[in-house]
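Fold and geometry: a report
Residue strings, one per chain:
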Amino acid sequence: MTKNKYTAAFILVTCLFFMWGLSYGLVDVLNKHFQNILEVSKAQSGLIQAAYFGAYFVAALPSALFMNKMGYKAGIMLGLSLYAVGALLFLPATGAMSFNLFLGALFVLALGLGCIETAANPYSAALGDPEKSESRLNLSQAFNGLGQFAGPLIGGTLFFRHAEAESVKAAAHGMSSVRLVYVGIAIAVLILLVLFAKTKLPDLRENEEEMDEYMAECGQKSLWSHKEFVFGVGAQLFYVAAQVGMGAFFINLTLENWPEATAQKGAYFLSAAMLLLLVGRFTGTAIMQKLAPSRLLLIYSSAGAVLMIAVIFSIQYVSVIALMAAFFFISIMFPPIFAMGIKNLGSHTKIGSSFMIMAIVGGAIMPYFMGRLADGHHTALGFILPAGCFVLIGLYAAFYPRLAHKSKTDAEACRLASRPSPDAA
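Think of each chain on its own: its residues are numbered from 1, step by step along the sequence as written. Under the rules for a predicted model, residues below a pLDDT of 70 receive no local features and side-chain atom pairs below 80 are neither given nor counted, while totals for whole chains, interfaces and linings still include all residues. Only hydrogens and water are set aside; all other atoms, that is, all heavy atoms of the structure, feed into the side-chain values.

**Observations regarding the overall build of the chain**
Numbered from the N terminus, helices here are DSSP runs of H or I no shorter than four residues, and strands are runs of E no shorter than two. The helix and strand inventory of the chain stands at 17 helices and zero strands. Contacts were defined at the residue level, with two residues in contact if any of their heavy atoms lie within 4.5 Å. Of all intrachain contacts in the chain linking residues separated by at least 6 positions in sequence, the fraction that spans at least 24 positions is 84%. Carbon and sulfur atoms make up 67% of the accessible area of the chain, which amounts to about 16800 Å² in all. To measure how exposed things are, a 1.4 Å probe is used in the Shrake-Rupley method; for residues, cover is taken only from the protein chains shown.

Structure follows, in structure tokens:
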């Protein structure tokens, strides 16, 4: 299949990035919404992210093994099916007003997203020139940013519109809005499922197996021999932990550091932060055409660490603005870490991708510990944890060229060794 025939597949796969961005954007609003309606603490509300991102950890490796047998398309369709089921489980959860049922629904929904992300990230990176994989994945992730922008906007408009009303009435209206949103998501996901079922997508397993044959001839079979991948998994865990923690307590920080703010205004500010993230992904795609992804990652992670210091000092207005600005600098982190880590893995790509997706479990852990710090002191103090994450990401970016050099050199040597000698004839 020629490169120009990848266009339709790339567009369809990129639609998936928007859909899981939308889901994630809504989760951060649900965090504060359930604090209000179901009267859970900040630490308890962190269990929303624990269920959501914990499901990624559970789903990633089984879905990669499934796709090794059945291909990327089958993995995507399985993920979409679970996504739709999880969204529909919001119907009994809203009826029962049960926090535990919501956690169960989010877990099933996120199992589907774990399957989708395990497939879509490497698939998007592989649909074209390998040298442009980071920028291509960043472009797809830009539409993920669009979904993350839309999520808080929708949630803030619908979930908090009766927040000033009497509590029982507000709860009824709030849950009705949650039910409406997730039924709409289920319908959209089912439409995507039909489109994928009817569309022929390129199967890239042969390309991966060809690279693996080169590496096998030189004895480079182990996934764990790729140090840029091993440390990349750690960097991805810290990145997701930082982003999820920042989003989970964004509204709480706004209420404490922006005079006369409301939960609805906080949700709108979060949407504006996601707009900065979206802008950052589009500009980052352009910058990565000129600047090495690892270098850009180092610059942006350093900026993120500095902005977290401003947040930690809990200064009126300033801390909220600094937190919003930080979303611009986290915008490009996921795609370069992911693409740099899996670039030379050959047929190990799906398994390697699954470990990258499993690293999303960082998002399950971070909000709980940030919530514990916030419950004991104030919300801003919890942001010391994302600050530490940015420092560790910066170290990975700084040392990446050295980590990747050996894998790249070995891969090129194997390709040359595998070619027939001109004198062989």
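**Brief notes about the packing of helix α1 (residues 6-37) against helix α10 (residues 250-257)**
Angles shown run from 0 to 180 degrees and are taken between the N-to-C directions of axes, each axis being a line fitted to C-alpha atoms and, for helices, limited to the stretch in contact. Packing of α1 against α10 brings their axes to within 8 Å, and their N-to-C directions diverge by 60 degrees. When the interaxial angle is binned, α1 and α10 end up oblique. Contacts between α1 and α10 pair Asp 28, Val 29, Lys 32 and Gln 35 from the former with Ile 251, Asn 252 and Leu 255 from the latter. Ten residues, namely Ala, Val, Leu, Ile, Met, Phe, Trp, Tyr, Cys and Pro, are considered nonpolar, four, namely Asp, Glu, Lys and Arg, are considered charged, and the remaining ones, Gly among them, are considered polar. Within the contact of α1 with α10, the residues separate by chemical class into three nonpolar, two polar and two charged. Roughly parallel covers angles under 35 degrees, roughly antiparallel covers those over 145, roughly perpendicular covers 65 to 115, and oblique covers all other angles.

**A closer look at the packing of aromatic side chains**
In this scheme Phe, Tyr and Trp rings, the latter by its six-membered ring, pair at centre separations within 6.5 Å, and the angle between planes marks the pair as stacked below 30 degrees, edge-to-face above 60, and tilted otherwise. Enumeration over the complete set of coordinates arrives at 23 aromatic pairs. Ring geometry for Phe 34 versus Phe 99: centroids 6.1 Å apart, planes at 85 degrees, classification edge-to-face. Separated by 65 residues along the polypeptide, Phe 34 in helix α1 and Phe 99 in helix α5 (residues 99-126) bring together distant segments of the chain. Categorising residues by exposure relies on relative accessible area from a 1.4 Å probe, with only protein chains included: less than 20% of the type maximum marks a residue as buried, more than 50% marks it as exposed, and the intermediate range marks it as partly exposed. Taking relative accessible area as the criterion, Phe 99 reaches 14% and is therefore assigned buried. Ring centres of Tyr 368 and Phe 369 lie 5.5 Å apart, and the angle between their planes is 80 degrees; this geometry places the pair in the edge-to-face category. Take Phe 369: its relative accessible area is 48%, and that puts it in the partly exposed class.

**Quick look at the nonpolar core**
The nonpolar side chains of a soluble globular protein tend to be buried, and buried together. The criterion is simple. A nonpolar core is a set of buried Ala, Val, Leu, Ile, Met, Phe, Trp, Tyr and Cys residues joined through side-chain atoms within 4.5 Å. Tyr 52, Tyr 182, Ile 185 and Phe 327 are the most contacted members of the largest nonpolar core, which totals 134 residues. Per-element tally for this core: the top contributor is α1, with 17 residues. In this structure Tyr 52 touches Trp 20, Ser 23, Tyr 24, Val 27, Leu 106, Leu 109, Ala 110 and Leu 113, once residues within four positions along its chain are discounted.

**Focus on the packing of α10 against helix α11 (residues 263-287)**
Look at α10 against α11: their axes get within 9 Å of each other, and the N-to-C directions meet at 120 degrees. Considering their axes alone, α10 and α11 lie oblique with respect to each other. In the packing of α10 onto α11, the handedness of the crossing is right-handed. Within the contact between the two elements, α10 uses Phe 250, Ile 251, Thr 254 and Leu 255 and α11 uses Ala 263, Gly 266, Ala 267, Phe 269, Leu 270 and Ala 273. Class assignment for the residues of the contact of α10 with α11 results in eight nonpolar, two polar and no charged. By convention the crossing between two helices is left-handed if the near helix lies anticlockwise of the far one by an angle smaller than a right angle, and right-handed if it lies clockwise.

**Overview of the side chain of Asn 31**
Looking at the secondary structure, you find Asn 31 in helix α1. Overall, Asn 31 belongs to the buried group, its relative accessible area being 0%. N or O atoms within 3.5 Å of each other form a polar contact, as long as, within protein, one can give a hydrogen and the other can take it, and as long as residues adjacent in sequence are counted only when both atoms are side-chain atoms. Reaching out from Asn 31, the side chain makes a polar contact with the side chain of Ser 45 at a distance of 2.9 Å. Engagement of the side chain of Asn 31 in a polar contact is seen with the side chain of Gln 49, the distance being 2.9 Å. Once residues within four sequence positions are removed from consideration, Asn 31 is found in contact with Ser 45, Gly 46, Ile 48, Gln 49 and Ala 248.

**As for the environment of Ala 398**
Tracing the chain through its elements places Ala 398 in helix α17 (residues 384-418). A sequence separation of 99 residues divides Ala 398 from Ile 299, and the C-alpha atoms of the two residues are 9.6 Å apart.

**Considering a nonpolar patch on the surface**
Residues forming no salt bridge and having over 30% relative accessible area are the ones grouped into patches, like charges within 9 Å of each other and nonpolar side chains (Val, Leu, Ile, Met, Phe, Trp, Tyr) within 5 Å. When a carboxyl oxygen of Asp or Glu is within 4 Å of a side-chain nitrogen of Lys or Arg, the pair counts as a salt bridge. Among the surface-exposed residues, Leu 47, Ile 365, Tyr 368, Phe 369, Ile 384 and Leu 385 lie close enough to one another that they form a single nonpolar patch of about 500 Å² accessible area. If you list the elements that add at least two residues to the nonpolar patch, you get α16 (362-376) and α17. When residues of the nonpolar patch are assigned to their parent elements, the largest contribution, three residues, is made by α16. Considering the arrangement of structural elements, one finds Leu 385 in helix α17. With relative accessibility at 30%, the residue Leu 385 sits in the partly exposed group.

**Focus: the confidence of the model for the chain**
Summing up the model confidence of the chain, the mean pLDDT is 84 and the portion of residues at 70 or higher is 85%. Taken element by element, the predicted model of the chain shows its lowest mean pLDDT in helix α8 (residues 205-217) (51) and its highest in helix α13 (residues 318-329) (97). The predictor attaches a confidence to each residue, called pLDDT, with possible values from 0 through 100. Below a pLDDT of 50 lies the segment residues 421-425, which in the model reaches zero contacts outside its immediate sequence neighbourhood of four places, other chains included.

**What to know about unusual backbone geometry**
Phi is positive for Glu 260, close to 65 degrees, though the residue is something other than glycine. Following the sequence through the fold, Glu 260 ends up in the loop between α10 and α11. Here Glu 260 falls in the exposed class, since its relative accessible area comes to 75%. Located in the positive-phi region is Tyr 317, a residue other than glycine, with phi close to 70 degrees. Turning to its location among the elements, Tyr 317 is positioned in the loop between α12 (293-312) and α13. Under the relative-accessibility criterion, Tyr 317 is labelled partly exposed at 37%.

**Some details on helix α3 (residues 72-88)**
Along its 17 residues, α3 runs 25 Å from first to last C-alpha, staying within 8% of the 24 Å computed at 1.5 Å per residue. When we look at burial in α3, the residues that qualify are Tyr 72, Gly 75, Ile 76, Gly 79, Leu 80, Tyr 83, Ala 84, Gly 86 and Ala 87. An expected span of 1.5 Å times one less than the residue number is assigned to each helix.

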